[in-house]
Amino acid sequence: MSERRILIDVPTQTLTLSAGARVLARYPVSTGRNGVGERNGSGCTPRGLHRVRARIGAGCAPGTVFRGRRPTGEICDAALRAAHPGRDWITTRILWLTGCEPGRNRGGEVDTLRRYIYIHGTPPSEPLGEPRSHGCIRMHDAALIALFDQTPVGTPVEIRG
């Protein structure tokens, strides 16, 4: 079987999972509201070739809230969102990315891993298909669980934009 890979297309706000020439799934996403860019602190989504460095949250309930890549014990629901209206929700699963291109998205002020760039869950109330994140790639929980279950550590991820 061909190696699985992920393509994130920023202009169309989509994520495509494929194996060889075969598309396995396509999902709407939300990327950085500040556009594309690699600098630390920019709030932008980094471009180029990456790999999944770590998979976090296997077996956690849908809606599990993460802070610092650890479950908080909370489940994201309407009441919790109302109590914390400005919170940048990271829910359900995390695919932590690392850059593969030194000087572009790896090392120094452009290091994707050190910028904590993830593919992660977001509440169903958050819109997808438009850039609204702080640089990460947001997905709704059911889609993220399906992607997570098919994405081992080392999976190539290309972000175009």
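Each value, and the rule that gives it
Residues numbered from 1 in each chain as written. Predicted model: local features only at pLDDT ≥ 70, side-chain atom pairs only at ≥ 80, totals over all residues. Heavy atoms only, no water. Salt bridge = Lys/Arg side-chain N within 4 Å of Asp/Glu carboxyl O. UniProt positions renumbered as here; feature names shortened; annotations may be inferred. Helix = DSSP H or I, 4+ residues; strand = E, 2+ residues; numbered from the N terminus. Buried < 20%, exposed > 50% of the residue type's maximum accessible area, 1.4 Å probe, protein only. Contact = heavy atoms within 4.5 Å.

Colleague: Quick question: what am I supposed to make of the pattern of salt bridges here?
Modeller: Two side chains that carry opposite charge are able to pair once their charged atoms sit near each other. The tally for this structure, following the rule as stated, stands at seven salt bridges. Here Arg47 and Glu38 are joined by a salt bridge, their closest N and O atoms 2.8 Å apart. Here Arg104 makes a salt bridge to Glu101, at a shortest N to O gap of 3.5 Å. One salt-bridge network, held together by shared partners, links Asp88, Glu126 and Arg138.

Colleague: Quick question: what am I supposed to make of the UniProt feature "domain: L,D-TPase catalytic" (unreviewed entry) in the protein here?
Modeller: Cross-referencing UniProt, the feature "domain: L,D-TPase catalytic" (unreviewed entry) maps to residues 4-160 in the present numbering. The annotated region residues 4-160 carries 9% helix and 39% strand content, and the separation between its end C-alpha atoms amounts to 17 Å.

Colleague: Would you explain the UniProt feature "active site" (unreviewed entry) in the protein in this entry?
Modeller: The sites that carry the UniProt feature "active site" (unreviewed entry) are, in the present numbering, His120 and Cys136. In terms of the greatest pairwise C-alpha distance, the residues named above, spread along 17 residues, form a tight cluster of at most 7.4 Å across. Position of His120 among the secondary structure elements: in strand 8 (residues 118-122). By relative accessible area, which is 1% here, His120 ends up buried. Dropping the residues within four chain positions of it, His120 is found in contact with Trp89, Ile90, Thr91, Arg93, Ile94, Cys136, Ile137, Arg138, Met139 and Leu144. Note on placement: Cys136 falls in the loop between strand 8 and strand 9 (137-140). Ignoring sequence-local partners within four residues, the contact set of Cys136 consists of Ser30, Thr31, Gly32, Thr45, Tyr116, Ile117, Tyr118 and His120.

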